[in-house]
Amino acid sequence: MTPRLPESPTQRISRENELLFFYRGKPFKGLEGDTIATALYSNGVRIFSRSMKYHRPRGLYNLDGYSSHCLVTVDGEPNVRGCATPLRQGMWVTPQNVLGSPRWDLMGLMQFFSFAMPVGFYYKAFHKPSWVWPFAQAVIRRAAGLGRIDPEMPEGVYQNRYYNCEVCIIGGGLAGMEAALAAAEGGVRVILLERRDHLGGDLAYRVTRSNEGIPPYRRAAMLAEAVSACENVTVLLCTSATAIYQSNHVTAVKRGGAGDPYRETYLEVRARSVVVATGAIERPLLFSNNDLPGIMQGSCAHRLARVYGIKPGNRMVVSGCHDGMLEMAADLAELGIEIVAVADGRSSGFDTELISNLHRKGIPFLPGTMARKAIGFKRLKGVQLAPTFGNGRKRWYSCDVLAASAGEAPLSQLLQVAGAKMAYDSAAGQFLPGEFPPGIHAAGKVTAARGEETIAAQGKLAGLMALQDLGLGRTSHIRQVREILDVIEKRPAGRHWTAPPVGSRKCFLCFDEDVTTDQVRDAIDQGFDQSELVKRYTAVGTGPSQSYLSGTNLPLLLADQRGLEPGAVLPTTVRPPVFPTSLAALGGRRYTSSKRTPLHEKQAQLGACFRLTGVWERAGSFADAGLSQEVENVRKNVGFIDVSTLGKFRLFGRDAVKLLNRVYAGNMETVTEGRLKYAAMCNEQGVIIDDGVVTRMGESDYFFTTSSLRAGNTLEWLAFHSKEEDWEAHLVNLTDAMAAVNLAGPRSREVLARLVDADCSNEVFPYMAVRRMKLCGEVDALVMRVGFVGELSFEIHVPASYGAALQDALLDAGKPYCIRPFGLDAQSVLRLEKGHVIIGTDTDNHSTLHDIGLSWAWDRKKAGNQTVGAPALRFTETQKHRQKLVGFTMNEAFRTPSDGSIVVADGTVKGRVTSSRFSPTLGRSIGLALVDPDLAVMGGTLEFYTDGRLNRKGLPEIKTFRGTIVPVPFYDPEGKRLRG
Amino acid sequence: MSFLLTCPNCGPRNIYEFRFGGEVKTRPDENTVSAEDWADYVYLSKNVCGVQKEWWYHAKGCGTWFAVERDTRDNLPVVKEENEG
Amino acid sequence: MMKKFMDRFRKKGRQDVRMWHEHPMKPAYDAVIVGGGLHGLAAAYYLGRDHGMTDVAVIERRYIGYGGSGRNTSIVRSNQRSKENIPLYDEGLKLWPELIGELDFNLMFFNCGNLNLAHSEAEAAGLKMTVATAQIMGVRSEFLNARECKELVPHLDITHRPRYPIYGGMYHPPGGTVRHDAVVWALARGADRLGIHIHQLTEVEDILVEKGKVTGVKTDKGTIRTPLVLNAAGGYSPTVSTMVGIDLPVTVLPLQALVSEPLKPFLHHVVSSGRYHAYASQSLKGEIVTGAHMDPWPSYTTHVTAHYMKHQAEALMDLMPCLRGARFMRIWGGLTDMTPDMAPIVSDSPIGGFYLDCGWGYFGFKSAPITGRYMARWIATGNCPEILKPFSLRRYRNYNLQRETAAVMYYTPWN
């Protein structure tokens, strides 16, 4: 570690706390307060990375994470912005995209072939002859990318936070802090997001007094103190805003630091009003070799020295286009750095005080001059300065650091994402955002404001305007600030550089993608003459630094090359996130949620194996029994299954029956108390979407069930029709309020009889009847005689809190009858044997009631109800092309076509198997299939094909097997068991 | 964008709490409609590039259906159609 | 040798290197194609190449490839579900190598194969059905169990940790990715060299119809007389159809996609999951390109939402936990013209001379060149090619929809 500069009040390093870290496996020392990049820089590391395409060496360029130069891998996490990530004890830092080291990168040879890789190179090479491409592609692919994904990267702790506030301010510089203070006066909740770990913006490291008095860093500290003292202002440091979505929805990422248990926090802020005070960034100057290590932004050099106490170099040349560079040059000279020369692309419009400052220090100042060429191989050796316009004298200067910029550009990306339009402002020489959406304000350098007082007044104004959005503004205050703004002297900005000197080579417009100005020219020649087209063709601005560095230069260069006015070509669309966001932060803490039935724990005790079906966890099978045992027990003795997941609804009100008649195909006027009616629901295409049973509980009072997966949709569905017609019908969703069990099997009546006081005989309680009963003498139960599994069975509905007790009672009462639970797998076999369809499994989005043999569930005479889907049922009834659901048995008794098998005939697909199982009851394989109408003939043969493995030639072995279409149900066709 | 929609019960809420319920259409009379007209009613949409009247349902909220006018060019609701749930 | 190699892409003297040119708009064309996306440009190219119809104008409101053509995630495949759809996509997939040679432009066909994941027995059954259908029709696809999926894509998490554990997957070796923008430019160049006019920054304001037949197109740059109009306007195809009084069975839904920062190659296949509504592949540059589900409401905005970025992060980290270290760099939106049966409308219409090539939803990229080729044949000869017959607009009125999806559509209350 080289010695740091003497202490100064702007420094943010702690000299007492040395931190040990590892770079390329070797130990290094940095200081608390350092970023990874500054720690490396203080240790003499000058080459941080290699560029993506040509593997050119890249060094420190920016200190806010806006360039890809400093990307490193840290503790397994790739593409970490070394220049904006605080150093931590024990960090393991590795360089990226190098074969060897950044200094000695074998892939560095690439840059010598760059002449052979003009724009659009990949589109015009390697495709002829065609066999070349796979090889070329493999090579290109191997060289692609920057960081490496590490599966061993520690999991880390991440979180999501959601904030609500009235005013959200983005940027904690002078304008942002003034805005926060002004908004806080209104007594509303204010959130201030600042990407650095301290407030103050560029004021925080500047020491040069302006006319008014106190040094900028003092002013920043005082303001920061005032902001922190406001109880209604929440300051979030280390927080980079990533987007402003519609309705002032701000997203951001907070980098975890000392005292923050989270590695990163993703946050969303819902604000009524947003103030964007993100400041400006220096836009790169375009000249030959403008990417050499040693060339950096002026603010980068300035902050290295003032914040981190690091000398950027020994001999420094400055080539700028804005006053900040002049101030920096004088300030660095103060700190003992030799400033060889200061060039400024402008010929007028400077701050004269800053120039006399330079003269006092004996630093040569060259107006109307800028860097034209840099030389050096792995680091900067010298710079050629030349007049901005025309062919004047060129001078070479040897140096090891060049601070270069073509002026400032607003950090307007967030505003652009929010919907602001960019327009060229020739006075400022910048593209400036305008036409803000409602509730969005901007202040400070992002609007090209200059001078502390202007920026402060703008911030204050923005804060007041935000209050005005909330109806809290005081017009008189706003007027006062406006008057102040009007009075402040407006100095002309001077003529700005808009185009690079002609004929320069290796002049990089986009560092990420190694796009040079020559390549852009070639792209224009080929017809890619708009920003978006050039972006797509050359990939300019699509790398990790997005459009921060190339965003302004691209449209200006395009306009210049096409002979248009600057501003005739607009910048490309900015896409969020404007700060790359890690998936881990977005994901936050992992939550998974699913619903469990009231019997869940009890079922688990019986060895249930659960699976997720829709939102529910359901018992698929029980560990101690085989599938056929579960099936046989239902057929021979008695079993029970948890059906609490069924949709259960009460519907009451004057128009309840009208509503039922609207959504169900059958006639609901015929539903009576004590009786169940099977009801099918179609959509407007006549396609069946749900079924269940309906019963009447009283005057205009109904209870009905839906299939497990449709409960939510059915609720919406009924609510919609009720709303559309303005009917009086009240729907109560009892799905979660009630537990239900289906008790099935020849002995089920005996089991039920032991639990209830009522007569359960077939005469009193026949098939499709429903009774209210008291279970065990105290629990109100609704018992329905239904038969999904094809046996005598009772569906018992009890309040959810009794669900667990119900299972205990059943097990107890059923013990003498060999009761045992069964799961979804057994139910699936049982219902298939009975030929009952499962909507969505045996039907698809084409299956009308007619196609699956349920035409009887539609009452065509039911008039005046505008029954959903009725016209379609009418029109599709006699259509000839429709696939039909048929039952089949397999010709080989034990061969079951697995789910997903298809029906084929003459080598073409004619349908598919929807369910097929081996039936333990029948001793053979059975199934249902949706087949083309010409095959749907009773007694006909079906040919099945199940997908196979591909052989070495990539071909499957096509083996088919056969089944025969038979009548359904397969089991108990007369329904004796059901009704017995 | 994550725009806000104003539920007549709950006020402005995140759009992802709602379910879009289709353009407001008039159902043809079931007894007189022809097969073609019914298919048109079922399948065709106006796809207005501008303000259209449509149904929304506050699915992850109070369960209210309501009709609003929304501009499909910027997703901003125009006028609230109905107030009661 | 080296010089010859270099000359292929270097500017030589005064030789014209423009990919396409600007032309003054003529008062009449033999045919006008509305939409300078892939489908429109492909139809134009093949009209010229196969049928000698070069007096054709392609009208594009923005610049070519501005819409879905430049916003999709560049996946190509022929693993569709229904027997009516597979042949078109299969031919489309086989067309790429031919097209690359013919257009003399490297479209960067990366034949990496696609893996569609299933997360339950039922989903597996659906995929196995698709696999069986493909195999019967001679398309290479295979069902892999979870372990085999992991052998193929080692970064998959096949434990029970994810919300929806991986059950298996459909592997489709012939698929992959193609550089979408390159296809746009290459087709534009191809069409341009045949003499077809591409009018960018030109907006169609109306389509003129007389006695049930198309007679012209009114644009903001002047009116064109023409007897033939092809609607290939993608997300705006309903708006264009409305000009001749035709409503389409289409809902325009916004769809979002994202890319991560460039990473060293580790994902060598296209991985997708219907359950998670997510798919991902790694581009030649190393970015993870990933797409989400459509916002379930119609919109003509290409706005993006915080919702999908978060959703996508959760989904990808469940599938491939190692992605937690990746960063999303960019999210963008596009418009999809979704039909109720997830199959396109490639059709004539009740208006004479007005053809439709739309309803391509989010799957229009992979099929563009082949559809353009057949559409061109239809327009030039007046006879509908057999392969396009299933995609007629009439299927809706016949209650005879395509079987590209089994799931009941949910974005209107009537479904």
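Each value, and the rule that gives it
Residues numbered from 1 in each chain as written. Chains lettered and ligands numbered in written order. Predicted model: local features only at pLDDT ≥ 70, side-chain atom pairs only at ≥ 80, totals over all residues. Heavy atoms only, no water. Helix = DSSP H or I, 4+ residues; strand = E, 2+ residues; numbered from the N terminus. Rg over C-alpha atoms; globule rule 2.2 N^0.38 Å. Buried < 20%, exposed > 50% of the residue type's maximum accessible area, 1.4 Å probe, protein only. Contact = heavy atoms within 4.5 Å. Areas by Shrake-Rupley, 256 points an atom, 1.4 Å probe, with all protein chains shown as cover. Lys, Arg positive; Asp, Glu negative; His and termini not counted. Charge placed at Lys NZ, Arg CZ, Asp CG, Glu CD. Domains from an automatic or database assignment. Buried area = accessible area lost by both parts, 1.4 Å probe. Salt bridge = Lys/Arg side-chain N within 4 Å of Asp/Glu carboxyl O. Polar contact = N/O pair within 3.5 Å; in protein donor to acceptor, adjacent residues only side chain to side chain. Core = buried A, V, L, I, M, F, W, Y, C linked by side-chain atoms within 4.5 Å. Expected span 1.5 Å × (residues − 1). Pairing = 2+ DSSP bridges. Axes fitted to C-alpha atoms, helices over the stretch in contact; angles between N-to-C directions.

Asks: Sorry if this is basic, but what is going on with the overall build of chain A here?
Replies: Summing up its helical and strand segments, chain A has 23 helices and 48 strands in all. Relative to the globule expectation of 30 Å for 980 residues, the C-alpha radius of gyration of chain A, 38 Å, shows a markedly less compact shape. If you line up chain A on its principal axes, its C-alpha atoms span 115 × 75 × 55 Å. Burial analysis of chain A (980 residues in total) assigns 64% to the buried set. For chain A, restricting intrachain contacts to residue pairs at least 6 apart in sequence, the fraction spanning at least 24 positions comes to 66%. As displayed, chain A offers around 36,600 Å² of accessible surface, 51% of which is attributable to carbon and sulfur atoms. With 115 positive and 101 negative side-chain charges, chain A shows a separation of 5 Å between the mean positions of the two kinds.

Asks: It is not clear to me how the domain arrangement of chain C should be interpreted in this structure. Could you clarify?
Replies: One frequent convention defines the size of an interface as the accessible area lost when the parts assemble. Residues and elements named next belong to chain C. Per the domain assignment, the segments making up chain C are domain 1 (28-111 + 175-249 + 341-415) and domain 2 (112-174 + 251-338). Spacing between the C-alpha centres of domain 1 and domain 2 amounts to 26 Å. The interface of domain 1 with domain 2 comprises 37 residues on the first partner and 41 residues on the second. For the pair domain 1 and domain 2, the two sides together bury roughly 3,000 Å², of which 62% comes from carbon and sulfur. Counting across the interface, domain 1 meets domain 2 through zero salt bridges.

Asks: I keep staring at the interface of chain B and chain C and nothing clicks. Help me out?
Replies: Contacts between the two partners involve 32 residues from chain B and, on the opposite side, 33 residues from chain C. Carbon and sulfur atoms make up 58% of the area that chain B and chain C hide from each other, which totals about 2,800 Å². Applying the counting rule to chain B against chain C returns two salt bridges. A salt bridge links D247 of chain C to K46 of chain B, with the shortest nitrogen-to-oxygen separation between them at 2.7 Å. Linking chain B with chain C are 15 residue pairs in polar contact (both at pLDDT 80 or more), by the criterion used here. Elements supplying a minimum of two residues to the side of chain B that touches chain C: β3 (19-23), α1 (35-43), β4 (51-57) and β5 (65-71) of chain B. At seven residues, the largest contribution of residues to the side of chain B that touches chain C is made by α1 of chain B.

Asks: What is the right way to look at the interface of chain C and chain A in this model?
Replies: Each partner contributes residues to the interface: chain C has 98 residues there, and chain A has 112 residues. For the chain C and chain A pair, buried surface summed over both sides reaches about 9,700 Å², with 56% attributable to carbon and sulfur atoms. Taken together, chain C and chain A are joined by 11 salt bridges. Our enumeration of links across chain C and chain A arrives at 57 residue pairs in polar contact (both at pLDDT 80 or more). Counting residues per element, the ones that place at least two in the side of chain C that touches chain A are α1 (2-7), α3 (68-71), α4 (86-103), α5 (121-136), β5 (142-145), α7 (180-193), α9 (306-319) and β17 (327-338) of chain C. The biggest single contributor to the side of chain C that touches chain A is α5 of chain C, with nine residues.

Asks: Any chance you could explain the pattern of salt bridges here in plain terms?
Replies: Where charged atoms from two side chains of opposite charge come close, those side chains can pair. Residues and elements named next belong to chain A. This structure, assessed with the given rule, holds 86 salt bridges over all chains. Between E18 and K29 there is a salt bridge whose closest N-O contact spans 3.8 Å. With E18 in strand β1 (residues 14-23) and K29 in strand β2 (residues 26-32), this pair connects stretches of sequence that are 11 residues apart. Residue E18 is classed as partly exposed on the basis of its relative accessible area of 42%. Since its relative accessible area comes to 43%, K29 is described here as partly exposed. Residue D932 is joined to K910 by a salt bridge in which the shortest nitrogen-to-oxygen separation is 3.7 Å. Taken as a pair, D932 in the loop between β46 (924-931) and β47 (941-945) and K910 in strand β45 (residues 908-919) lie far apart in primary sequence, 22 residues in all.

Asks: I would appreciate a short explanation of helix α3 (residues 174-184) of chain A in the present structure.
Replies: Three- or four-residue spacings in an α-helix give side chains the same orientation, since the helix completes a turn every 3.6 residues. By the criterion of burial, α3 of chain A is predominantly enclosed, with 11 of the 11 residues buried. Of the surrounding elements, those touching the buried residues of α3 of chain A are β8 (158-170), β9 (190-193), α4 (216-229), β10 (233-236), β13 (264-276) and α9 (452-469) of chain A.

Asks: Help me understand the side chain of D642 of chain A, please; the structure alone is not making it clear to me.
Replies: Residues and elements named next belong to chain A. Its place among the elements puts D642 in strand β32 (residues 639-642). At 6.5 Å, R618 is the nearest oppositely charged side chain to D642, a buried residue that forms no salt bridge. Within the local environment of D642, its side chain forms a polar contact with the side chain of S644, the two groups lying 2.6 Å apart. Ignoring anything within four residues of it in the chain, the contact list for D642 reads T597, L599, Q603, R618 and A740.

Asks: Sorry, what's going on with the nonpolar core here?
Replies: Nonpolar side chains tend to gather and get buried jointly when the protein is soluble and globular. Grouped together as the largest cluster of nonpolar side chains are 88 residues, with contacts concentrated most on F528 of chain A together with W20, I33, W96, L107 and W185 of chain C. Each of two domains, domain 1 (28-111 + 175-249 + 341-415) and domain 2 (112-174 + 251-338) of chain C, supplies a minimum of three residues to this core. Judged by nonpolar contacts, the second largest core, of 82 residues, contains Y61 and C165 of chain A together with Y171 and A280 of chain C.

Asks: What am I meant to see in α9 of chain A here?
Replies: Residues and elements named next belong to chain A. Between its terminal C-alpha atoms α9 stretches 26 Å, which fits the 26 Å expected from 18 residues at 1.5 Å a residue. Burial runs high along α9: 14 of the 18 residues are buried. Downstream of α9 by one or two residues, G471 has phi in the positive range, about 80°.

Asks: Please explain the sheet that holds strand β18 (residues 365-367) of chain A as it appears in this structure.
Replies: Neighbouring strands of a sheet are bound in pairs by backbone hydrogen bonds; such pairs are parallel or else antiparallel. Residue and element names in this part refer to chain A. Reading across the sheet, the five strands line up as β15-β22-β16-β17-β18 and stay open at both edges, with parallel pairing between neighbours. Among the strands making up the open sheet, the edge pair consists of β15 (295-296) and β18. Pairing geometry for β15 and strand β22 (residues 401-404), over two bridges, is parallel. Paired with I295 across the bridge in β22 is L402. Strand contacts of helix α6 (residues 323-334): β16 (315-320), β17 (338-344), β18 and β22, with the helix running at about 165° to β16, the strand carrying the most contacts.

Asks: Is there a simple way to think about the pairing of β13 of chain A in this case?
Replies: Both faces of the sheet carry side chains from a regular strand, because those side chains alternate between them. Residues and elements named next belong to chain A. Taking burial as the measure, the 13 residues of β13 include 12 buried ones, the bulk of the element. Bridge count between β8 and β13: 12 bridges; the pairing is parallel. Note on β13: the bridge partner recorded for I169 is V275. Bridge count for strand β12 (residues 249-255) against β13 is seven bridges, and the pairing is antiparallel. Paired with T251 across the bridge in β13 is E268. Two strands pair when backbone bridges link them, and β13 and strand β26 (residues 440-442) are joined in this way by three bridges, in the parallel orientation. Counted as the bridge partner of V276 is A442 from β26.

Asks: Sorry, what's going on with the pairing of β45 of chain A here?
Replies: Residue and element names in this part refer to chain A. Burial analysis of β45 places nine of its 12 residues in the buried class, the great majority of the element. Taken together, the four bridges between strand β44 (residues 902-905) and β45 define a ladder with antiparallel strand orientation. Each residue of the ladder has a partner; that of V904, found in β45, is V909. Count of turn residues in the β44/β45 antiparallel hairpin: two residues, of which D906 carries a positive phi of about 50°. Of the pairings in the sheet, the one linking β45 to β46 comprises eight bridges and is antiparallel in character. Paired with S919 across the two strands is R924, which belongs to β46. With antiparallel pairing between neighbouring strands as the criterion, β45 and β46 make up a hairpin whose turn holds four residues, including G923 at a positive phi of roughly 75°.

Asks: Looking at this structure, how should I read unusual backbone geometry?
Replies: Note: most residues except glycine have negative phi, and most peptide bonds are trans. Residue and element names in this part refer to chain A. Residues K128 and P129 are joined by a peptide bond in cis, for which omega reads -10°. Topologically, P129 is positioned in the loop between β7 (92-95) and α2 (132-143). Cis geometry marks the peptide bond from V968 to P969; its omega dihedral reads 0°. Examined against the element boundaries, P969 turns out to sit in the loop between β48 (960-966) and α23 (976-979). The residue N289 is not glycine, and still its phi comes out positive at about 60°.

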